[in-house]
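Chain by chain, the residues run as shown.
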Amino acid sequence: MKLHLINGPNLNLLGKREPSIYGSQDFETYFQTLKTKYPQTSLTYFQSNSEGKLIDYLHEIGFSSDGIVFNGGAYTHTSIALGDAIRAIHTPVIEVHLSNVYAREDFRKVNYIAPACLGSICGLGIHAYELAVLHHLSLK
Ligand code: DQA
């Protein structure tokens with residue numbers, strides 16, 4: 001089982017960035033822990049601040065990966081192109097957000113990613129990534 005976790009813009013700063021909203025855990029440490037918890041699963045992590053690089057990566061893995069967990073960051077609320085990229089690939093994508101985007105500013109309620117995804121998890125903090133992994137594993 002090959003699963004891919006993808007983070008979009010500013011999520012490289014998790015742990016440092018607005019910890020009252022996004023928590024104080026850095027993603028790399030969390031990812032290493034996740035890998036040790038699921039040794040039978042091939043887990044790969046990719047992060048980019050660039051919309052085009054995220055689209056290229058989705059195209060690259062989206063026909064061979066068994067499942068994608070994607071946090072599009074702020075591109076969630078702006079990027080028709082990322083929504084189209086998810087529709088274009090074959091791998092099921094679960095969208096995650098650490099914060100509850102529906103309890104925040106109105107512009108975060110606009111979402112171009114969720115309608116293209118299998119499902120969404122938001123507001124449960126960094127734990128969302130593992131929940132999404134567990135769901136992908138349950139589908140195999
Ligand atoms: C986020 C929510 C987005 O609105 C925001 O732009 C982010 C992080 C989240 O994980 O809660 O960068 O995707």
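Calculation criteria
- Residues numbered from 1 in each chain as written.
- Predicted model: local features only at pLDDT ≥ 70, side-chain atom pairs only at ≥ 80, totals over all residues.
- Heavy atoms only, no water.
- Helix = DSSP H or I, 4+ residues; strand = E, 2+ residues; numbered from the N terminus.
- Rg over C-alpha atoms; globule rule 2.2 N^0.38 Å.
- Buried < 20%, exposed > 50% of the residue type's maximum accessible area, 1.4 Å probe, protein only.
- Contact = heavy atoms within 4.5 Å.
- Lys, Arg positive; Asp, Glu negative; His and termini not counted.
- Charge placed at Lys NZ, Arg CZ, Asp CG, Glu CD.
- Salt bridge = Lys/Arg side-chain N within 4 Å of Asp/Glu carboxyl O.
- Axes fitted to C-alpha atoms, helices over the stretch in contact; angles between N-to-C directions.
- Parallel < 35°, antiparallel > 145°, perpendicular 65-115°, else oblique.
- Left-handed = near helix turned anticlockwise from the far one by under 90°.
- Nonpolar A, V, L, I, M, F, W, Y, C, P; charged D, E, K, R; others polar.

Asker: What exactly am I supposed to notice about the overall build of the protein chain here?
Answerer: Along its length, the protein chain carries five helices and five strands. For the protein chain, the sequential pattern of α-helices and β-strands runs β-α-α-β-α-β-α-β-β-α. Whereas a compact globule of 140 residues would reach a radius of gyration of roughly 14 Å, the protein chain reaches 14 Å, a difference of no more than 12%. Overall, the protein chain is about 40 × 30 × 25 Å in size when its C-alpha atoms are taken along their principal axes. Residue burial in the protein chain is summarised as follows: out of 140 residues, 48% are buried. At a minimum sequence separation of 6, the contacts of the protein chain that also span at least 24 residues come to 77%. Looking at charge distribution, the protein chain has the averaged site of its 11 positive side-chain charges lying 4 Å from that of its 12 negative ones.

Asker: Sorry, what's going on with the side chain of Ser48 here?
Answerer: In this fold, Ser48 is placed in the loop between β2 (42-47) and α3 (51-61). Beyond its immediate sequence surroundings of up to four residues, Ser48 is in contact with Asn7, Gly8, Pro9, Lys53 and Leu54.

Asker: Mind showing me how you'd approach the pattern of salt bridges here?
Answerer: Oppositely charged side chains can pair when the atoms bearing their charge come close. Counted according to the given criterion, the structure contains five salt bridges. The salt bridge partner of Glu130 is Lys37, with a shortest N-O separation of 2.9 Å. Here the residue Glu130 occupies a position in helix α5 (residues 127-138), and Lys37 occupies one in helix α2 (residues 27-37), the gap between them amounting to 93 residues. Among the salt bridges present, the one from Arg104 reaches Glu105, with a minimum N-O distance of 3.8 Å. Relative accessible area serves as the criterion here: at 19%, Arg104 is assigned to the buried category. The exposure class of Glu105 is partly exposed, given its relative accessible area of 34%. Beyond isolated ion pairs, a larger network of salt bridges with shared partners links Arg104, Glu105 and Arg108.

Asker: Would you take a moment to explain the packing of α2 against α5 for this structure?
Answerer: How two helices pack is summed up by the angle between their axes together with the distance between the axes. Remark: α2 packs on α5, axes separated minimally by 11 Å, with the N-to-C direction vectors making an angle of 30°. As far as their axial angle goes, α5 and α2 are roughly parallel. As for how α2 packs across α5, the hand of that crossing is right-handed. Two secondary-structure elements touch here, α2 through Phe27, Tyr30, Leu34 and Lys37 and α5 through His127, Tyr129, Glu130 and Val133. Residue classes in the contact of α2 with α5 are distributed as five nonpolar, one polar and two charged.

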